[in-house]
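# Fold and geometry: a report
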Amino acid sequence: ASIFTADAQYLDKVGRDTFYGFLATHAHRIFRDEDFSQLYCRNNGRRSVPPSLLAVALLLQHYDRVSDEEAVNRATFDLRWAVALGTEPCEQPFAKSTLQLFRAKLVLNERGQELFERSLSYAREIGFLKNRKIRAALDATPILGRGAVKDTYNLLADGIRKLARTLEQVSVRDLGRWLKKRAQRYFSKSLKGEADIDWDDDEARKTLLDTLVSDARSLLQLAREHQQQLSDDDPQRQQLEDAMRLLSELVAQDVEEDEHGQATLKQGVSKDRIISVHDPEMRHGRKSKRQRFDGHKATIAVDTETQLITATDVIAGNASDGDNAIALCEQSAENTGCEVETAIGDTSYGTGELRRAFAEAGIKVVAKAPPIADRGTFTKEDFSIDVEGERVTCPAGHTTTQWHRGAVTTRRDGTKQHAKVFKFDAALCTPCPFYEQCVSSSKGRGRTIMVHAEEALLQQARAFQKTEAFKEQYRERIVVEHRIARLMQLGVRKARYFGRKKTAFQVAVVAAVANLTLIAAWQSQNPGDSWFVLLCVFAFMAMLVTGVRIRMYEAAAYLPGYRLAYETALVKKAPFRPDF
């Protein structure tokens with residue numbers, strides 16, 4: 001540390017209660033250089049920028065929502081950044097490539113969550129997050145992908161172009177002959193512009209599609225022939241296989257052959273359709289029936305008491321919100337060291353399958369059960385369903401025990417359960433005075449009732465959600481909405497990077513920023529450390545006078561919750577070792 005650094009000169013000017021002042025005062029406790037030692041080569045003979053400084057720079061970058069280039073400029077010329085980083089004003093602490101390399105190290109070594117986890121560790125250290133059972137609110141929000149979304153024609157062209165460039169990198173001899181007649185089509189500015197066809201002509205469009213599919217298959221054949229010449233441990237083989245797999249999937253998902261063997265577009269949309277070659281992990285998703293998006297989904301868990309984000313993840317855009325609900329709860333328990341007692345979520349987290357999974361994990365779930373379809377007739381709730389006795393009684397008092405297997409449900413342990421479809425005989429239903437109110441399908445048929453494999457759990461849920469206790473607990477879910485709004489303010493709505501892995505890193509860093517700003521606000525409202533600092537200084541001077549020798553750090557250890565105040569006020573930052 002130096003008296004010339006910005007945090008020593010301008011901390012009060014920037015503001016101790018700002019996020020920049022908070023990082024200047026506490027960042028050395030949150031991020032330590034030794035925590036990142038495995039990312040660096042030892043004894044390489046040159047100094048590196050301290051990883052703790054780069055970790056703080058990543059937080060500031062997402063806090064101010066700036067690019068890598070702007071992050072370097074702000075670290076050099078912005079007094080607030082200099083205070084937070086503890087550098088001298090107008091000093092360039094790192095280069096753009098250094099910041100990018102550090103981020104790449106975190107992503108490649110799957111340590112992106114570490115920055116986020118440190119925010120929770122720090123919350124435990126200062127007593128903001130106490131050891132107790134957690135009530136976790138869960139939710140998901142769309143993330144717009146960075147990859148370009150294109151139609152089938154351009155997707156196939158992008159896939160062909162990617163495979164051709166991969167073959168060029170591995171020096172395939174026959175690639176030149178293949179490209180001789182096709183280079184202008186696939187490496188021009190616009191595929192459709194070069195095609196020069198009447199797009200209102202169905203036959204012209206089919207001819208172009210057939211040409212694209214033919215070129216794709218011939219290029220795939222060329223790639224297979226070269227693939228056999230590469231050894232299994234050759235890194236180029238994996239790169240080639242990825243490009244081949246992508247092109248094969250693009251052809252299979254959108255194209256089929258008619259009776260004449262000509263390629264035509266498939267009707268409908270494939271279940272897991274790839275929508276971008278630049279980011280193959282992007283998917284069509286829906287937040288609601290009317291709101292569609294292209295990209296991924298961020299899922300988070302929030303402690304309802306402290307409003308800290310306790311777990312984050314990124315799933316496919318077309319996945320259900322609750323697909324990783326159990327994983328979020330498990331991650332929350334691991335990150336906080338506290339048991340998750342209750343999970344609170346919207347209807348996506350109240351399905352029968354998830355309720356069974358939560359029950360097996362020993363977690364209580366507070367969520368609305370999926371609504372029962374109302375077709376203008378008696379609903380399932382109007383019937384008396386005896387799950388254990390396997391019988392259903394209709395509003396008229398008739399009972400049936402006849403059922404057949406319905407939809408299959410797979411539980412977490414791999415076991416499969418079948419729904420039961422109970423059927424009332426037509427001879428019983430037709431003369432019934434409630435027939436018109438009960439059966440809306442073809443005349444002369446009996447009523448059917450589908451009983452879910454987890455019907456008992458759903459019955460309990462529907463009964464519970466009518467109580468005041470449920471309404472009171474369900475209100476706590478609003479905290480996750482607030483935290484998602486905060487993540488949106490910090491730029492999570494749009495992905496910064498390609499791929500789900502890098503997007504998950506972005507969400508984790510932004511969640512760390514959201515947690516630390518919350519902690520900073522809490523600390524500013526609970527200034528209980530200043531008197532202890534004065535006490536430490538007085539005790540230290542008294543020891544000098546009396547000659548008593550004791551380490552202040554050990555003395556502070558006997559007073560839980562105040563070690564941080566002592567270290568912040570009296571301990572200087574350790575220099576970064578040159579062998580990193």
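The structure contained in this document is the topic of the report that follows.

## Focus on the nonpolar core
Looking at soluble globular proteins, one finds that nonpolar side chains tend to be buried together. By size, the foremost hydrophobic cluster in this structure holds 76 residues, and its most contacted members are Phe-22, Leu-23, Phe-36, Leu-60, Phe-94 and Ile-519. Element by element, the count of residues in this core is highest for helix α21 (residues 500–525), at 14 residues. Residues contacting Phe-94, with those up to four places away along its chain left out, are Val-49, Leu-53, Leu-54, Ala-57, Ala-71, Val-72, Ala-75, Leu-85 and Leu-99.

## What about the layout of surface pockets?
The space that makes up the second largest pocket amounts to roughly 510 Å³. For the second largest pocket, the lining is made up of 24 residues, of which Ile-372, Ala-373, Arg-375, Lys-380 and Met-450 are closest to its centre. Elements that contribute at least two residues to the lining of the second largest pocket include exactly α15 (352–360), β14 (448–451) and α18 (455–464). Top contributing element to the lining of the second largest pocket by residue count: β14, with 3 residues. For the lining of the second largest pocket, the per-class residue count stands at 10 nonpolar, 9 polar and 5 charged.

## Some thoughts on a negative patch on the surface
Together, Asp-198, Asp-200, Asp-201 and Glu-203 give the surface a local cluster of negative charge. Turning to its location among the elements, Asp-200 is positioned in the loop between α11 (191–195) and α12 (202–227). The class of Asp-200 is exposed, set by a relative accessible area of 70%.

## Thoughts on empty space enclosed by the protein
Unoccupied space between atoms shows up once a probe the size of one water molecule is rolled over them. Going through the model one piece at a time under the given rule, you end up with 1 cavity of 30 Å³ or more. In this model, the largest cavity occupies a volume close to 110 Å³. Cys-394, Ala-396, Cys-429, Cys-432 and Cys-438 are the residues nearest the centre of the largest cavity, which is lined by 15 residues in total. Those elements that place two or more of their residues in the lining of the largest cavity are α16 (426–429) and α17 (435–438). Its residues assigned to classes, the lining of the largest cavity comprises 13 nonpolar, 1 polar and 1 charged.

Reading the values: the criteria
Residues numbered from 1 in each chain as written. Predicted model: local features only at pLDDT ≥ 70, side-chain atom pairs only at ≥ 80, totals over all residues. Heavy atoms only, no water. Core = buried A, V, L, I, M, F, W, Y, C linked by side-chain atoms within 4.5 Å. Buried < 20%, exposed > 50% of the residue type's maximum accessible area, 1.4 Å probe, protein only. Helix = DSSP H or I, 4+ residues; strand = E, 2+ residues; numbered from the N terminus. Contact = heavy atoms within 4.5 Å. 1 Å grid on protein atoms, 1.4 Å probe; cavity = no way out; pocket = protein on both sides within 12 Å on 5 of 7 lines; lining within 4 Å. Points joined across faces, edges and corners; volume = space filled by probe spheres on them. Nonpolar A, V, L, I, M, F, W, Y, C, P; charged D, E, K, R; others polar. Patch = residues over 30% accessible without salt bridge, like charges linked within 9 Å, V, L, I, M, F, W, Y side chains within 5 Å. Areas by Shrake-Rupley, 256 points an atom, 1.4 Å probe, with all protein chains shown as cover. Salt bridge = Lys/Arg side-chain N within 4 Å of Asp/Glu carboxyl O. Lys, Arg positive; Asp, Glu negative; His and termini not counted. Charge placed at Lys NZ, Arg CZ, Asp CG, Glu CD.

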